[in-house]
Amino acid sequence: MKLQFYGAAGCVTGSCHLIKVNEKNVLVDCGLYQGKDEKERGNEDFDFNPKEIDFVILTHAHIDHSGRIPLLYKRGFKGEVICTEATRDLCSVMLPDSGHIMEMETEWKNRKRIRQGLEPIEPLYTAKIAELSIYLFRSCEYDKWIELFEGFKIRFKDAGHLLGSSSVEIKIKDKDKGEVKLVYSGDLGNKNLPLIKDPSKIDYADYVIMETTYGDRLHDNINDEFGQLVNIIKTTFKRGGNVIIPSFAVGRTQEVLYVINKYVENDTLKNLTVYVDSPLASESTKIFQKYSNIFDEEAKKLIDKGDNPLDFEGLIFTSSPEDSARINKIQSGALIISASGMCEAGRIKHHLKHNLWRKECSIVFVGYQAEGTLGRAIISGAKKVKIFGEEIAVNAEIHVLQGLSGHADRNGLLEWVEGFKKKPKEILLVHGDSEVQDSFKNLLESKGFNARIMKYGERYIINKYDGKATVDVKEKIIKLLDSLKDIDEMDKEILLQKIKKVLEE
C-alpha cells in the first residue's frame, strides 16, 4: 500500500492525498489551494491522471477540501465521491457557487486580456460542471462501516469542525491478507463550538494522517470571546461605526448567528440589525436547519422548545447585488456578515472598501487567514491594502477572535491523538505552515509519539508483510546523485534507472 501527498503537504490548503492499494486509486479530499498556496502551486493541473481515480473520500465541504472535485470530473473522473449526507448537500450549493465565482473572475480577466491583445482564458470549471459533478456523490451515515471494494472499508466519525465533517477510519486488507488501519483526522473542530458536536474519539490506528493548522497555539476561552464580541459591537455602534465580520459562508456564519441569537434573546444586544450578505450563506443556513438532528445537545434543546437558534428579530439575509449595494450606504449601526472568510472574493471586499478606512468601524476576524490572502495582510498589521485595484487605508479597529475558529488548537489536537488506546506506529502531519508543523511534531515526540512531516509529492509505503512503513527515498537518491558532480551525466542516468528499477521491485 502506498500513500502519496498531493495537497496540504508543506502548506495549509488544497487537501489531497492518494491511497494506492489492490490496483485501486483512492483520493482522500480534493481541495483548492488558496492564498499563497494557490500562487505557488496553482490549481490547474493534477500530478495524477483523474481518469484513473476510482473513489474520492471527502471529509467535509469546505473548498480547500472539496473545491477541485468539479475539475477532477471535468478531466475525466467518473468514480464515486463518498461523504456524509450533510456534506453532499453543502457541496451541492458550495461547488456551483465556486464555479460561478471562477466564471465571474475569468470574465473580468478576459476583458483586460482582450484589451492587451491576449487570448482569452477559461475558468477552472463552471457552475454547470460543478452541478454535474454532484451526481457522483454518494452519501452515508456516521459510525457505519461501508466496503468500497474488496479489502477496503471506511467509517466516518464526527470531526466536530463543520456540519457533516468527518474523520475517516480506513481498514485495508492487501492481497497477502495483511490488514492495516489508517485514520485521517480531517479538520478537527474546536471544542464547545456552537451547534456542532465535539470531535469523536477513535480507539486505535496503525497510522494516522493528521492536520496541524493551529498546532502551535492555544485559543482563548470561547465564552470569553463571546463576551468580547458583544463589547466590540456595543463600542463600535456607540462611536458611530459598523461591525464587519468576514466569515466563511458555510459553518462560521451559522455559528456566529447562533451566538448573536443568544445575546439578542436575553436582551444583552437590543435593536440590533444583522445583515448576512451572502447568497451562499443563506442557502447553507437552510441546510443547517435541515440537519438539526446532528446538532449538539444545547442546540437540540433550543429547537425542542421551539426556538430556532439561527433566526432572530433584526436578522436580514440579502440576495441580490442591489440589496448588497444598499448596505454599503449604511454609515453606522449595522453588523454585516459576509463571505469570503479570507476576504479573497465575494461581497466582503465591497464592505471592506467602504468601511476599512473608517476609524469608527470594526473588522472582526473569526476564522483562519491563510498566508497570501487579504485577510492575512489585514490582521498582520498592513497600513494599506489593495481592494479592486484601489489602495485602502486600514484605519478601522481590527479584532481576531480565534476562540470562534472551527479548528482545534494545540491542546485539542493533542487530546484527540492521545485518545487512541495504543500509540499509532507513526503520525503523518499535513495541513499546516512549516513552523507550526515543526512545533507540533516536537510536542508529539515529547509525548512518545513517532511523527513525520509530509512533503508535497512524497510517497509513504506501508510494507504489506509486516505493517511497517518507509518513506519513498527516490528524491533523496536523486539529490545524492546531483551532489556527485564528477559523475558523467550518462553514467548518472544509467545508475538512476537501475536504482528506480530496484525500488519498483
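Provided above is the structure to which this section pertains.
Residues numbered from 1 in each chain as written. Predicted model: local features only at pLDDT ≥ 70, side-chain atom pairs only at ≥ 80, totals over all residues. Heavy atoms only, no water.

**Student:** Can you break down the overall build of the protein residue by residue, with the values?
**Tutor:** On a plain count of helices and strands, the protein comes out with 16 helices and 23 strands. The globule rule puts the C-alpha radius of gyration for 505 residues at 23 Å, and the 24 Å found for the protein is close to it. Counting only C-alpha atoms, the protein reaches 75 × 60 × 45 Å along its principal axes. Relative to its full complement of 505 residues, the protein shows a buried share of 55%. Across the protein, contacts joining residues at least 24 apart in sequence account for 74% of those joining residues at least 6 apart. Element-wise, carbon and sulfur atoms account for 47% of the exposed surface of the protein, whose accessible area totals about 22800 Å². Taking the average location of the 74 positive side-chain charges in the protein and that of its 79 negative ones, the two points are 1 Å from each other. (Helix = DSSP H or I, 4+ residues; strand = E, 2+ residues; numbered from the N terminus. Rg over C-alpha atoms; globule rule 2.2 N^0.38 Å. Buried < 20%, exposed > 50% of the residue type's maximum accessible area, 1.4 Å probe, protein only. Contact = heavy atoms within 4.5 Å. Areas by Shrake-Rupley, 256 points an atom, 1.4 Å probe, with all protein chains shown as cover. Lys, Arg positive; Asp, Glu negative; His and termini not counted. Charge placed at Lys NZ, Arg CZ, Asp CG, Glu CD.)

**Student:** Now, about the nonpolar core: what can you tell me, with residues and values included?
**Tutor:** Residues Leu163 and Phe288 are the most contacted members of the largest nonpolar core, which totals 78 residues. When residues no more than four places from it in sequence are discounted, the contact partners of Leu163 are Ala86, Thr87, Leu90, Ile196, Ile287, Phe288, Tyr291, Ile294 and Phe295. Counting residues in hydrophobic clusters, the runner-up holds 32 residues, among them Leu3, Val26, Phe152 and Ile462. (Core = buried A, V, L, I, M, F, W, Y, C linked by side-chain atoms within 4.5 Å.)

**Student:** An account of the pattern of salt bridges is requested, with residue identities and associated values reported.
**Tutor:** This structure, assessed with the given rule, holds 25 salt bridges. Salt-bridge contacts for Asp89 lead to Lys290; the nearest nitrogen and oxygen are separated by 2.7 Å. Of this pair, Asp89 sits in helix α4 (residues 85–115) while Lys290 is found in helix α8 (residues 279–290), placing the two residues 201 residues apart along the sequence. The class of Asp89 is buried, set by a relative accessible area of 12%. On the basis of relative accessible area, Lys290 is assigned to the exposed category, the value being 51%. One salt bridge in this structure joins Lys191 and Glu415, with 3.2 Å as the shortest N-O distance. Here the residue Lys191 occupies a position in the loop between β10 (179–184) and β11 (207–211), and Glu415 occupies one in helix α13 (residues 410–417), the gap between them amounting to 224 residues. (Salt bridge = Lys/Arg side-chain N within 4 Å of Asp/Glu carboxyl O.)

**Student:** An account of the packing of aromatic side chains is needed here, citing residue identities and associated values.
**Tutor:** Tallying each qualifying case throughout the model produces 7 aromatic pairs. Pairing Phe55 with Phe149 gives two aromatic rings, centres 5.9 Å apart and planes at 25°, and the pair type is stacked. Linking Phe55 in strand β4 (residues 55–57) with Phe149 in strand β7 (residues 146–149), this pair joins segments that are 94 residues apart in sequence. Taken as a pair, Phe55 and Phe149 share a single burial class, namely buried. Plain terms: the ring middles of Phe149 and Phe152 are 4.8 Å apart, the flat faces sit at 20° to each other, and that makes the pair stacked. For Phe152, a relative accessible area of 0% gives the class buried. Three or more aromatic residues joined by ring pairs form one cluster here, namely Tyr6, Phe46, Phe48 and Tyr456. (Phe/Tyr/Trp six-rings, centres within 6.5 Å; stacked < 30°, edge-to-face > 60°.)

**Student:** I'd like a description of the side chain of Asp37, backed by residues and values.
**Tutor:** Mapped onto the elements of the fold, Asp37 is located in helix α1 (residues 36–41). One buried charged residue, Asp37, remains without a salt bridge, the closest side chain of opposite sign being Lys36 at 5.2 Å. Here the side chain of Asp37 touches Thr13 through a polar contact of 2.7 Å, side chain to side chain. Residue contacts for Asp37: discarding those within four places in its chain leaves Cys11, Val12, Thr13 and Gly42. (Polar contact = N/O pair within 3.5 Å; in protein donor to acceptor, adjacent residues only side chain to side chain.)

**Student:** So what's going on with the packing of α4 against α8? Which residues, and what values?
**Tutor:** Following both chains from N to C, one finds α4 and α8 inclined at 175°, their axes separated by 9 Å at the closest point. Between α4 and α8, the crossing angle belongs to the class labelled roughly antiparallel. When α4 is examined against α8, the residues Asp89, Leu90, Val93, Met94 and Asp97 are found in contact with a partner set consisting of Leu280, Glu283, Ser284, Ile287, Phe288 and Lys290. (Axes fitted to C-alpha atoms, helices over the stretch in contact; angles between N-to-C directions. Parallel < 35°, antiparallel > 145°, perpendicular 65-115°, else oblique.)

**Student:** Describe the sheet that holds strand β15 (residues 334–338), listing the residues and the values that go with them.
**Tutor:** Strand order in the open sheet formed by 6 strands is β14-β13-β15-β12-β16-β19, and the pairing between neighbours is parallel. Looking at the sheet topology across the chains shown, the edges are occupied by β14 (315–318) and β19 (397–400). Neighbour to neighbour, the strand axes of the sheet diverge by 20° on average, direction disregarded. When strand β12 (residues 243–246) meets strand β16 (residues 362–365), the two strands line up parallel, connected through 2 bridges. (Pairing = 2+ DSSP bridges.)

**Student:** Now, about the side chain of Asn328: what can you tell me, with residues and values included?
**Tutor:** Of note, Asn328 is situated in the loop between α10 (321–327) and β15. Look at Asn328 and you get buried, because its relative accessible area is 13%. Of note is the side chain of Asn328, whose polar atom sits 2.8 Å from the side chain of His351.

**Student:** Account for the pairing of β12, with residues named and values stated.
**Tutor:** Residues Val243 and Ile245 point to one face of β12 and Ile244 and Pro246 to the other, with burial holding for every one of them. Across 4 bridges, β12 lies against β15 in parallel orientation. For Val243, the partnering residue across the bridge sits in β15 and is Leu335.

**Student:** If you had to explain helix α6 (residues 222–238) to someone new, which residues and values would you point to?
**Tutor:** Because an α-helix packs 3.6 residues into every turn, residues spaced three or four apart end up facing the same way. For α6, which comprises 17 residues, the first-to-last C-alpha distance of 25 Å matches the rise-based estimate of 24 Å (1.5 Å per residue) to within 8%. Restricting attention to buried positions, one finds in α6 the residues Ile222, Glu225, Phe226, Leu229, Val230, Ile232, Ile233 and Thr236. Take α6 and look down its axis: the buried residues cluster within an arc of 155°, on one side only. The elements touched by buried residues of α6 are β12, α7 (252–265), β15, β16 and β19. Phi for Gly240, located one or two positions after α6, is positive at around 90°. (Expected span 1.5 Å × (residues − 1). Arc of directions from axis to C-beta.)

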